[in-house]
Amino acid sequence: MNNEKTVSVLNDLLNITNDRIQGFSKVEDKVWDQYPQLRADYDTMVSQSHTMKNELTHLITERGGTPEQSGSTAGAIHRAWIDIKNSFAGDSANATLGNVVYGEKAAIDAYEKALESGDLCPQSSQVVLQQLHQLKTSHDKFQNLEEIKK
């Protein structure tokens, strides 16, 4: 197993996790006024993101790599687009939650590609698989927004 490839893939996932944390900081309090039943799940997602970041950082360091501390350029562009979009949205709470679902789906796709790449060592694969399960659980909770809205 090539440590450089493993570190590179883990850093990509770390960037996505950093994007996730930065994106969560953009969720406005009015969302919780409209959907108070989602607050506990959201708080869990934020906490999990920080744990995921710590786990990825540890794996990268353990393999002799340097953890990247920023998010991705694509994530920064996406957050800027969301800010613009939300400024024009009539119901920014629904738009914001829709963006959470979109972001979770993008993270799931990246994690699945990382696992399929064959570039992760067994220990890293195990951690990434556990994190993928957490992402899917979070995504599913927020994907059911249509039921909540009814």
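Reference entry: report on the structure contained in this document. The structure presented is a predicted model; accordingly, all values stated were derived computationally and were not measured. (Residues numbered from 1 in each chain as written. Predicted model: local features only at pLDDT ≥ 70, side-chain atom pairs only at ≥ 80, totals over all residues. Heavy atoms only, no water.)

Next up on the list: the overall build of the chain. For the chain, the helix and strand inventory stands at seven helices and zero strands. Along the chain, helices (α) and strands (β) appear in the sequence α-α-α-α-α-α-α when read from the amino end. Evaluated residue by residue, the chain yields a buried proportion of 41% over its 150 residues. Sequence separation of at least 24 residues holds for 82% of the intrachain contacts in the chain that already meet a minimum separation of 6. In the structure as shown, the chain presents an accessible area of about 8100 Å², 53% of it carried by carbon and sulfur atoms. (Helix = DSSP H or I, 4+ residues; strand = E, 2+ residues; numbered from the N terminus. Buried < 20%, exposed > 50% of the residue type's maximum accessible area, 1.4 Å probe, protein only. Contact = heavy atoms within 4.5 Å. Areas by Shrake-Rupley, 256 points an atom, 1.4 Å probe, with all protein chains shown as cover.)

A word on the environment of Asn144. Tracing the sequence through the fold places Asn144 in the loop between α6 (122-143) and α7 (145-149). Taking relative accessible area as the criterion, Asn144 reaches 44% and is therefore assigned partly exposed. Placed 43 residues apart in sequence, Asn144 and Val101 show a C-alpha to C-alpha distance of 9.4 Å.

Leu10, Leu13, Leu56, Tyr111, Leu120, Val128 and Leu135 are the most contacted members of the largest nonpolar core, which has 19 residues in total. Residues within four places of Tyr111 in sequence aside, it is in contact with Leu13, Thr17, Met52, Leu56, Val128, Gln131, Leu132 and Leu135. In this structure, Val27, Leu38, Met45 and Ala93 belong to the second largest nonpolar core, which totals 13 residues. (Core = buried A, V, L, I, M, F, W, Y, C linked by side-chain atoms within 4.5 Å.)

Here the focus is α6. Here α6 spans 31 Å end to end across 22 residues, near enough to the 32 Å set by a 1.5 Å rise per residue. Within α6, burial applies to Ser124, Val127, Val128, Gln131, Leu132, Leu135, Ser138, His139 and Phe142. Relative to the axis of α6, the buried residues are bounded by an arc of 145 degrees and lie together on one face. Exposed residues pointing more than 90 degrees away from the buried face of α6 are listed as Pro122, Gln126, Leu129 and His133. (Expected span 1.5 Å × (residues − 1). Arc of directions from axis to C-beta.)

This part takes up the environment of Glu62. With respect to the helices and strands, the residue Glu62 is situated in helix α3 (residues 39-62). With 55 residues separating them along the chain, Glu62 and Val7 place their C-alpha atoms 9.5 Å apart.

A word on the environment of Asp140. Here Asp140 lies in helix α6. For Asp140, a relative accessible area of 45% puts it in the partly exposed group. Separated by 39 residues in the primary sequence, Asp140 and Val101 have C-alpha atoms spaced 8.4 Å apart.

Okay, the packing of helix α1 (residues 3-24) against α3 next. One can describe the packing of α1 onto α3 by two numbers: an axis separation of 9 Å at closest approach and a directional angle of 155 degrees. The pairing of α1 with α3 is recorded here as roughly antiparallel in orientation. Taken as a pair, α1 and α3 cross one another with a handedness that is left-handed. Contacts from Val7, Leu10, Asn11, Leu13, Leu14, Thr17, Asn18, Arg20, Ile21 and Phe24 of α1 reach α3 at Tyr42, Met45, Val46, Ser49, His50, Met52, Lys53, Leu56, Thr57, Leu59 and Ile60. Its residues assigned to classes, the contact of α1 with α3 shows 13 nonpolar, six polar and two charged. (Axes fitted to C-alpha atoms, helices over the stretch in contact; angles between N-to-C directions. Parallel < 35°, antiparallel > 145°, perpendicular 65-115°, else oblique. Left-handed = near helix turned anticlockwise from the far one by under 90°. Nonpolar A, V, L, I, M, F, W, Y, C, P; charged D, E, K, R; others polar.)

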